[in-house]
Amino acid sequence: MSKQTKIEITYDDLPLSCPMRGQTNWNSHPKVMLPIEDTGEAKCPYCGAEYVLKDFDPNRPGGH
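Rules used in this analysis
Residues numbered from 1 in each chain as written. Predicted model: local features only at pLDDT ≥ 70, side-chain atom pairs only at ≥ 80, totals over all residues. Heavy atoms only, no water. Helix = DSSP H or I, 4+ residues; strand = E, 2+ residues; numbered from the N terminus. Contact = heavy atoms within 4.5 Å. Areas by Shrake-Rupley, 256 points an atom, 1.4 Å probe, with all protein chains shown as cover. Disulfide = S-S within 2.5 Å. Pairing = 2+ DSSP bridges. Axes fitted to C-alpha atoms, helices over the stretch in contact; angles between N-to-C directions.

Caption draft 1: The arrangement of the overall build of the protein in detail. A count of helical and extended segments in the protein gives zero helices and five strands. Overall, the protein shows an N-to-C arrangement of helices and strands of β-β-β-β-β. Within the protein, residue pairs in contact and separated by at least 24 positions form 39% of the contacts whose partners lie at least 6 positions apart. Roughly 4,800 Å² of accessible area belongs to the protein as shown, and the carbon and sulfur atoms make up 49% of that amount.

Rendered as structure tokens:
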């Protein structure tokens, strides 16, 4: 079992999709939108990549 690193993103990266724009594995699975705004964390159901929203603020206005 390999240890997966959490990918840290910022509010500028939203909306979040996996794979993300510019990733070398952009065609490794279908693009899937990941809701991260409510909890600050999301996991891709296809590849298992884990994302963490840096400086997560649950009270931030204008959530998606």
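Caption draft 2: Local environment of the state of the cysteines. Scanning the entire structure with this criterion turns up zero disulfides. Here Cys44 stays unpaired: no disulfide links it, and the sulfur of Cys18, its closest cysteine neighbor, is 3.7 Å away. Unpaired in terms of disulfides, Cys47 finds its nearest cysteine sulfur in Cys18, a separation of 3.7 Å.

Caption draft 3: Region of interest: the sheet that holds strand 1 (residues 6–9). Taken in spatial order, the three strands line up as 1-5-4 in an open sheet, and their pairing is mixed. In the strand order of this sheet, the two ends are held by strand 1 and strand 4 (41–43), each with one partner. Direction aside, the axes of adjacent strands within the sheet are offset by 25 degrees on average. Two strands pair when backbone bridges link them, and strand 1 and strand 5 (residues 50–53) are joined in this way by four bridges, in the parallel orientation. Residue pairing in the sheet places Glu8 in a bridge with Val52 of strand 5.

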